[in-house]
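Each chain, written out:
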Amino acid sequence: MWRRFTSLPLFFSHLQQVRRADELKICQAFCTEIVKPPVEGESNSRRNIPFVAFVLGGPGSGKGTQCLKIAETFGFDHIGAGDLLRKEIHSDSENGAMIQKLMKEGSIAPSEVTVKLIKKAIESAENRKFLIDGFPRSEENRVAYERIIGAEPNFVLFFDCPEEVMVKRVLNRNEGRVDDNEHTVKERLKVYKAITLPVANHYAKKGKLYKVDGTGTQEEIFERVRPIFASLRLST
Ligand SMILES: Nc1ncnc2c1ncn2[C@@H]1O[C@H](COP(=O)(O)OP(=O)(O)O)[C@@H](O)[C@H]1O
Ligand SMILES: O=c1ccn([C@@H]2O[C@H](COP(=O)(O)OP(=O)(O)O)[C@@H](O)[C@H]2O)c(=O)[nH]1
Ligand SMILES: [Mg+2]
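What counts, and where the lines are drawn
Residues numbered from 1 in each chain as written. Chains lettered and ligands numbered in written order. Predicted model: local features only at pLDDT ≥ 70, side-chain atom pairs only at ≥ 80, totals over all residues. Heavy atoms only, no water. UniProt positions renumbered as here; feature names shortened; annotations may be inferred. Axes fitted to C-alpha atoms, helices over the stretch in contact; angles between N-to-C directions. Helix = DSSP H or I, 4+ residues; strand = E, 2+ residues; numbered from the N terminus. Parallel < 35°, antiparallel > 145°, perpendicular 65-115°, else oblique. Left-handed = near helix turned anticlockwise from the far one by under 90°. Contact = heavy atoms within 4.5 Å. Nonpolar A, V, L, I, M, F, W, Y, C, P; charged D, E, K, R; others polar. Near = heavy atom within 4 Å. Polar contact = N/O pair within 3.5 Å; in protein donor to acceptor, adjacent residues only side chain to side chain. Areas by Shrake-Rupley, 256 points an atom, 1.4 Å probe, with all protein chains shown as cover. Pairing = 2+ DSSP bridges.

You'll find the protein chain entered in an unreviewed UniProt entry as adenylate kinase, with Solanum tuberosum given as the organism. Comment text from UniProt for the protein chain, heading Catalytic activity (unreviewed entry), reads "UMP + ATP = UDP + ADP". In the Sequence similarities (unreviewed entry) part of its UniProt record, the protein chain is described as follows: "Belongs to the adenylate kinase family."

Structure (structure tokens):
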């Protein structure tokens, strides 16, 4: 083996490649659907497009909880689409009442409103690495985002969780949300299955979906998520 490497730097670069391949294998062991590593494309940095991971999963699947851990460990900015909409409700904006009504029904806010808020959050941040949590919730959301932002996400993290676990977590959330009640959560699950899951399927077909088991403790889930982010090679 030594003979094949005429210089030490060459040997270490080979070692690095082996390590990256191993990291990817670890990552694959935790993911049920993975096609290629989420490497920041050259075109991303050339066009100064931010590195974006969408985070999807049903209500109560643990998106927000895991995003906090990812943001803290890997230096991402966490943009919660639902949080942006809740801020709108409480800021007396012209759309506040309409958003509150839709949220209470378990429906999805107009794409134009949500994408505008996300765009503003991206543009006002110094960071160039973002987790966009709870978005896109529909194909229409997805198309609007890609058109207005001018790029697809780099990859999509998806928390797979049984319905009964999600419902239990939502009903115990205790954050005073208008949508954390038995009636709304049933509606949200219908919307999730009919309208949000096709978005996840869209990205799965493109090889961009990382599906993670969302059951177990918060720490156990984060240990499944960690290798995905640890294997990223970002220039930012
Ligand atoms: N692994 C877990 N086990 C038990 N409770 C959890 C777990 N992950 C999150 N929770 C709790 O469940 C509720 C929903 O989690 P959250 O992260 O808000 O989910 P989502 O953003 O997908 O709706 C919160 O009260 C959270 O503290
Ligand atoms: O892109 C989005 C994100 C959220 N919502 C609305 O906000 C609610 C709460 O979303 P959030 O992501 O906060 O809920 P979670 O899935 O985390 O429980 C959803 O049911 C929708 O009514 C929306 O319309 N568009
Ligand atoms: Mg959430």
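Engineer: Please provide a residue-by-residue account of the packing of helix H3 (residues 63–74) against helix H10 (residues 218–230), values included.
Structural biologist: Any two packed helices are characterised by how steeply their axes cross, that is the angle between the axes, and by the distance between the axes. Relative orientation of the contacting elements H3 and H10 amounts to 45°, with a least axis distance of 10 Å. Classified by the angle their axes make, H3 and H10 are oblique. Classified by chirality, the crossing of H10 by H3 is right-handed. Two secondary-structure elements touch here, H3 through Thr-65, Gln-66, Lys-69, Ile-70, Thr-73 and Phe-74 and H10 through Gln-218, Glu-219, Ile-221, Phe-222, Val-225, Arg-226, Phe-229 and Ala-230. By residue class, the composition of the contact of H3 with H10 is seven nonpolar, four polar and three charged.

Engineer: Give me the lowdown on the site of ligand 2, citing residues and values where you can.
Structural biologist: The immediate surroundings of ligand 2 are formed by 19 residues, with Lys-63, Arg-86, Ser-107, Ala-109 and Arg-188 found nearest. A distance of 2.6 Å separates an oxygen atom of ligand 2 from a polar backbone atom of Ala-109. For ligand 2, whose unbound accessible area comes to 530 Å², protein coverage reaches 95%.

Engineer: Tell me about the sheet that holds strand S3 (residues 129–133), and please be specific about residues and values.
Structural biologist: Strand order in the open sheet made by the five strands is S2-S3-S1-S4-S5, with parallel pairing throughout. Looking at which strands have only one partner, the edges of the open sheet turn out to be strand S2 (77–80) and strand S5 (209–213). Ignoring which end each strand starts from, the neighbouring axes of this sheet average 20° apart. Summarising the sheet, strand S1 (residues 51–57) and S3 pair through five bridges and their orientation is parallel. Bridge pairing in S3 links Val-55 to Asp-133. Seen against the sheet, H3 touches S1, S2, S3 and strand S4 (155–160) and runs at an angle of roughly 175° to S3.

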